Amino acid sequence: MALIKLQNICINAISAAVPKQTFYTKDYTYISEQERLMFIKNVGIEQRRVAPFHITASDLCYYSALRLLEELNWEKESIDALIFVTQSPDYFIPASSIILQHRLGLSKNTIAFDINLGCSGYVYGLYVLGSLLQSGQIKRGILLAGDKSTISVCLKDKSTYPLFGDAGSATALSYDESASPIYFHLQSDGSGEDAIKIPHGGSRYHIQPDTFDEVEIEPGIIRSKRHLQLLGADIFNFALREVSPNVDKLLAFSGTDKESIDYFVFHQANFFMNESVRKKMKIPAEKVPYSIQKFGNTSSASIPLTIVTNLREQLIFPKKLLLSGFGVGFSWASCVFTTSPSLKISGLIEID
Amino acid sequence: MDIQEFIQRLENEFEDLPKGTLKPDTNYRDIPNWSSMHALIIIAFADDQFNVELTASDLRNANTIQDLYDVIKSKMQS
């Protein structure tokens, strides 16, 4: 069972970047005004950031990483590892993290690779990078997490189009023997592969004669097999079924009282879904920050983006945080730790 | 819990729905302005009030409020 304690890992800084371009749900006239109001009220998204053609997820992460290095005053040569969690890489090959190693001016001694995860990816990324550093043989690493999800959705699919925003993030980790432990609980269930999927374009179904044909699935849901599909009921049941026991086992494993957690930062999936999970777990609303209203579902960037936009002042002093990501795969993971007194949270970066 | 109580509790989940709108033989997809969001509300209702997981196929196979009541009831017993 993937219940893990990592020691000697300090989270030093977190930054996030979004495109300036803003799309408002009220302007999504493909659906009726009534539907737009209901969407804003229930799914919770009033606006979201959409990257124009020339900005990719790697660009948003690049600017986040630059800010991070600047704020920490870390020499570029001191970075030993660069991990990029993304499902919208710049190219099929090579991995975007390697391009970013060069672009950021990091040394050729840098370990660099991508991880293909979405909603759960930030917590998985913290675990992987933390594990690399834990031996103490390398000292500093940067975790990038972000997606340009808006390229994958069809305007004529009301079940996906108004949901996603683009964002990137960077998180600095280091080997530090004075750091408090980070506890993780990581899980996966590939039986849910169809729930969130882009069916064509990979090697199972590369470009087929029908790949780009737009098909009506039901009224208001038209898309091709190169577009993202979401099976809302399946995802919702998955979240209701799995998140609460995952967190409960993590709390038991780490010996943490639920009441002692200052903030629960969840992946920003859908306001109604997140609130259902929160109520099921009996967590007070004031402990659960949201960024979904202004940024939509931002995939693996949602947890750091929520921290940057909601908890900057609160984290000046150490706080106990529980982070939990859940979704595409299905894949889900949580971690709990006390933040460092020197944790630096950058102001949100906007790129145009 | 009988079907009338079930209907009362379900109607409470939909803020804009006048009480007494739903009948046992109402097709639940005829709830005014039905959308996939309503399906999530019904799933959350089943989970929260009856500790029952209502799957996508349960919803597909059900048409009326009575059907929803029956499937939830049968899952509560199993």
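Residues numbered from 1 in each chain as written. Chains lettered and ligands numbered in written order. Predicted model: local features only at pLDDT ≥ 70, side-chain atom pairs only at ≥ 80, totals over all residues. Heavy atoms only, no water.

**A word on the overall build of chain A**
Inference 1: A tally of regular secondary structure across chain A gives eight helices and 18 strands.
Inference 2: Taken against the 2.2 N^0.38 rule, which gives 20 Å for 352 residues, the C-alpha radius of gyration of chain A at 19 Å falls within 12% of a compact globule.
Inference 3: Taken over the C-alpha atoms alone, chain A extends approximately 55 × 45 × 35 Å along its principal axes.
Inference 4: Among the 352 residues that make up chain A, the fraction classed as buried is 58%.
Inference 5: Long-range contacts, defined here as pairs at least 24 residues apart, represent 78% of the contacts in chain A between residues at least 6 apart.
Inference 6: Put simply, chain A shows about 14600 Å² of open surface, and 52% of that area lies on carbon and sulfur atoms.
Inference 7: Charge centroids of chain A, computed over 34 positive and 36 negative side chains, lie 2 Å from each other. (Helix = DSSP H or I, 4+ residues; strand = E, 2+ residues; numbered from the N terminus. Rg over C-alpha atoms; globule rule 2.2 N^0.38 Å. Buried < 20%, exposed > 50% of the residue type's maximum accessible area, 1.4 Å probe, protein only. Contact = heavy atoms within 4.5 Å. Areas by Shrake-Rupley, 256 points an atom, 1.4 Å probe, with all protein chains shown as cover. Lys, Arg positive; Asp, Glu negative; His and termini not counted. Charge placed at Lys NZ, Arg CZ, Asp CG, Glu CD.)

**A closer look at the layout of surface pockets**
Inference 1: When its volume is computed, the second largest pocket comes out at roughly 850 Å³.
Inference 2: Elements that contribute at least two residues to the lining of the second largest pocket include exactly α1 (33-42) and α6 (271-280) of chain A together with α2 (36-50) of chain B.
Inference 3: Among the residues making up the lining of the second largest pocket, the classes are represented as 13 nonpolar, five polar and ten charged. (1 Å grid on protein atoms, 1.4 Å probe; cavity = no way out; pocket = protein on both sides within 12 Å on 5 of 7 lines; lining within 4 Å. Points joined across faces, edges and corners; volume = space filled by probe spheres on them. Nonpolar A, V, L, I, M, F, W, Y, C, P; charged D, E, K, R; others polar.)

**Focus: the confidence of the model for chain B**
Do not read the predicted coordinates in detail wherever pLDDT is low.
Inference 1: In this model, chain B carries an average pLDDT of 90, and 100% of its residues clear a pLDDT of 70 or more.
Inference 2: Quick note on the complex model: pTM equals 0.96, ipTM equals 0.90. (pLDDT = per-residue confidence, 0-100.)

**Structural notes on the packing of helix α5 (residues 232-254) of chain A against α2(B)**
Inference 1: Where α5(A) contacts α2(B), the axes come no closer than 10 Å and their chain directions differ by 30°. Between α5(A) and α2(B), the crossing angle belongs to the class labelled roughly parallel. Every pair of crossing elements has a handedness; the one defined by α5(A) and α2(B) is right-handed. Contact with α5(A), carried on its side by A:G232, A:A233, A:F236, A:N237 and A:L240, involves B:L40, B:I43, B:A44 and B:D47 of α2(B) and no other residues of that element. (Axes fitted to C-alpha atoms, helices over the stretch in contact; angles between N-to-C directions. Parallel < 35°, antiparallel > 145°, perpendicular 65-115°, else oblique. Left-handed = near helix turned anticlockwise from the far one by under 90°.)

**What to know about the pairing of strand β15 (residues 320-327) of chain A**
Residues and elements named next belong to chain A.
Inference 1: Most of β15 is tucked away: seven of the eight residues are buried.
Inference 2: Bridge analysis of strand β14 (residues 263-266) against β15 gives four bridges, and the strand direction is parallel. Considered in β15, the bridge of F266 is made with S324.
Inference 3: As paired strands, β15 and strand β16 (residues 331-338) are joined by eight bridges and run antiparallel to one another. Note on β16: the bridge partner recorded for S324 is S334.
Inference 4: Once β15 ends, the chain turns through three residues before running back antiparallel as β16, passing G329 with a positive phi of about 145°. (Pairing = 2+ DSSP bridges.)

**Notes on the packing of helix α1 (residues 3-13) of chain B against helix α4 (residues 65-77) of chain B**
All names here are of chain B.
Inference 1: Their axes nearest at 11 Å, the elements α1 and α4 cross at an angle of 105°. If you check the angle between α1 and α4, you find them roughly perpendicular. Residues I3, F6, I7 and L10 of α1 pack against I65, Q66, L68, Y69 and I72 of α4.
Inference 2: Of the residues contributing to the contact of α1 with α4, the split by class is eight nonpolar, one polar and no charged.

**Thoughts on the interface of chain A and chain B**
Inference 1: If you look at the interface, chain A gives 16 residues, while chain B gives 14 residues.
Inference 2: Together, the buried faces of chain A and chain B total about 1400 Å²; carbon and sulfur atoms form 64% of this surface.
Inference 3: The largest share of the area that chain A buries against chain B comes from A:M38, A:N237 and A:F272, three residues that together contribute 33% of it.
Inference 4: For the interface between chain A and chain B, the tally reads two salt bridges.
Inference 5: For B:E53, the salt bridge identified is with A:R241, shortest N-O distance 2.8 Å.
Inference 6: Class assignment of the residues belonging to the side of chain A that touches chain B gives a composition of six nonpolar, six polar and four charged. (Buried area = accessible area lost by both parts, 1.4 Å probe. Salt bridge = Lys/Arg side-chain N within 4 Å of Asp/Glu carboxyl O.)

**So, the packing of aromatic side chains**
Inference 1: If you walk through the whole model with that rule in mind, you get 15 aromatic pairs over all chains.
Inference 2: When the ring of A:Y127 is compared with that of A:F184, the centres are 5.5 Å apart and the planes differ by 65°; the resulting orientation is edge-to-face. Taken together, the residues span a long stretch of sequence, with A:Y127 in helix α4 (residues 121-134) and A:F184 in strand β9 (residues 182-188) at a distance of 57 residues.
Inference 3: Among the aromatic residues, those joined into a ring-pair cluster are B:F6, B:F45, B:F50 and B:Y69.
Inference 4: Over the face of the ring belonging to A:Y161 we find A:R48, whose NZ or CZ atom lies 5.0 Å from the ring centre.
Inference 5: Stacked on the ring of A:Y62, the Lys or Arg A:R103 has its end atom at 3.8 Å from the ring centre. (Phe/Tyr/Trp six-rings, centres within 6.5 Å; stacked < 30°, edge-to-face > 60°. Lys NZ or Arg CZ within 6 Å of the ring centre and 35° of its normal.)

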